[in-house]
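Notes for the structure review
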Amino acid sequence: MSSPSPSTAESVRFSVRTASGSYAVEIGPGMAARLGSVLDAIKAPARRFVVSSPGIWRLHGDRFKGVTTEEPILIPDGERYKQIGTVGRIY
């Protein structure tokens, strides 16, 4: 992971490098509300879905209203659900 560098006065953007490539991460206030327009800007497919746990969705789901019209896919809390088998079931 490289050192964070500010991309705006309110957010921090940094690059994460992995064995299979790298990707950018941006953290800042209001990012969830802007996520739909960010995905549009990078030409992500229009059909999108959000994966969350029920508790997190209850607390923060309203922030993701502009991302998709699809219902969220809710999986239980816990590391044991963060695996390829869960991805297969979602797919």
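Residues numbered from 1 in each chain as written. Predicted model: local features only at pLDDT ≥ 70, side-chain atom pairs only at ≥ 80, totals over all residues. Heavy atoms only, no water.

**Focus on the overall build of the protein**
Defined as follows: Strands here mean DSSP runs of E at least two residues long; helices mean DSSP runs of H or I at least four residues long; both are numbered from the N terminus. Under the scheme applied here, a residue whose accessible area is under 20% of the maximum for its type counts as buried, over 50% as exposed, and between as partly exposed, the area being computed with a 1.4 Å probe on protein chains only. Throughout, a contact is declared for two residues whenever any of their heavy atoms are within 4.5 Å. Just so you know, the count uses Lys and Arg for positive and Asp and Glu for negative, and it drops His and the chain ends. By convention, the point assigned to a charge is CZ for Arg, NZ for Lys, CD for Glu and CG for Asp.
Along its length, the protein carries 3 helices and 5 strands. Listed N to C, the secondary structure of the protein is β-β-β-α-β-α-β-α in terms of helices and strands. When burial is assessed residue by residue, the protein has 19% of its 91 residues classed as buried. Within the protein, residue pairs in contact and separated by at least 24 positions form 17% of the contacts whose partners lie at least 6 positions apart. Between the mean site of the 12 positive side-chain charges and the mean site of the 8 negative ones, the protein shows a separation of 4 Å.

**Describing the pattern of salt bridges**
How we decide: A pair is scored as a salt bridge if a Lys or Arg side-chain nitrogen falls within 4 Å of a carboxyl oxygen belonging to Asp or Glu.
Within this structure, the stated rule accounts for 6 salt bridges. The residue glutamate 79 makes a salt bridge to lysine 82 at a minimum N-O spacing of 2.9 Å. Neither glutamate 79 nor lysine 82 differs from the other in exposure class; each is exposed. A network of salt bridges, in which partner residues are shared, links Arg13, Glu26 and Arg34.

**Description of the confidence of the model for the protein**
Low pLDDT means the predicted atomic positions in that stretch should not be read closely. Inclusion rule: Residue-level confidence of the predictor is what pLDDT reports, using numbers from 0 through 100.
Per-residue pLDDT for the protein has a mean of 86; in total, 90% of the residues score no lower than 70. The secondary structure element of the protein with the lowest average pLDDT is strand 1 (residues 5-6), at 49, and the one with the highest is strand 5 (residues 73-74), at 96.

**As for unusual backbone geometry**
Of note in this structure, lysine 43 is not a glycine but carries a positive phi near 60°. Inspection of the secondary structure assignment puts lysine 43 in the loop between helix 1 (31-41) and strand 4 (51-52).

**Digging into the side chain of arginine 48**
Selection criterion: For this analysis, a polar contact is any N or O atom pair within 3.5 Å, provided that within protein one partner can donate a hydrogen and the other can accept it, and provided that sequence-adjacent residues contribute only side-chain to side-chain pairs.
Tracing the chain through its elements places arginine 48 in the loop between helix 1 and strand 4. Within the structure, arginine 48 has its side chain in polar contact with the backbone oxygen of alanine 44 (distance 3.5 Å). At 2.9 Å, the side chain of arginine 48 and the backbone oxygen of proline 45 are in polar contact. Aside from chain neighbours lying at most four places away, what touches arginine 48 is Gly36, Leu39, Asp40, Val67, Thr68 and Glu70.

**Quick look at the packing of aromatic side chains**
The following threshold applies: Pairing of aromatic side chains here covers Phe, Tyr and the six-membered ring of Trp, requires ring centres within 6.5 Å, and sorts the geometry by plane angle: under 30 degrees stacked, over 60 edge-to-face, intermediate tilted.
Applying the stated criterion across every chain, the model contains 1 aromatic pair. With 6.3 Å between their ring centres and 25° between their planes, tryptophan 57 and phenylalanine 64 make a pair best called stacked. Here tryptophan 57 falls in the partly exposed class, since its relative accessible area comes to 23%.

**Points about helix 1**
Test applied: Comment: arc refers to directions from the helix axis out to C-beta atoms.
Turning to helix 1, its buried residues number three or more, namely Met31, Ala32, Gly36 and Leu39. The buried residues of helix 1 occupy an angular sector of 160° when projected down its axis, which confines them to one face. For helix 1, the exposed residues lying more than 90 degrees away from the buried face are Ala33 and Ala41. The elements touched by buried residues of helix 1 are strand 3 (21-27).

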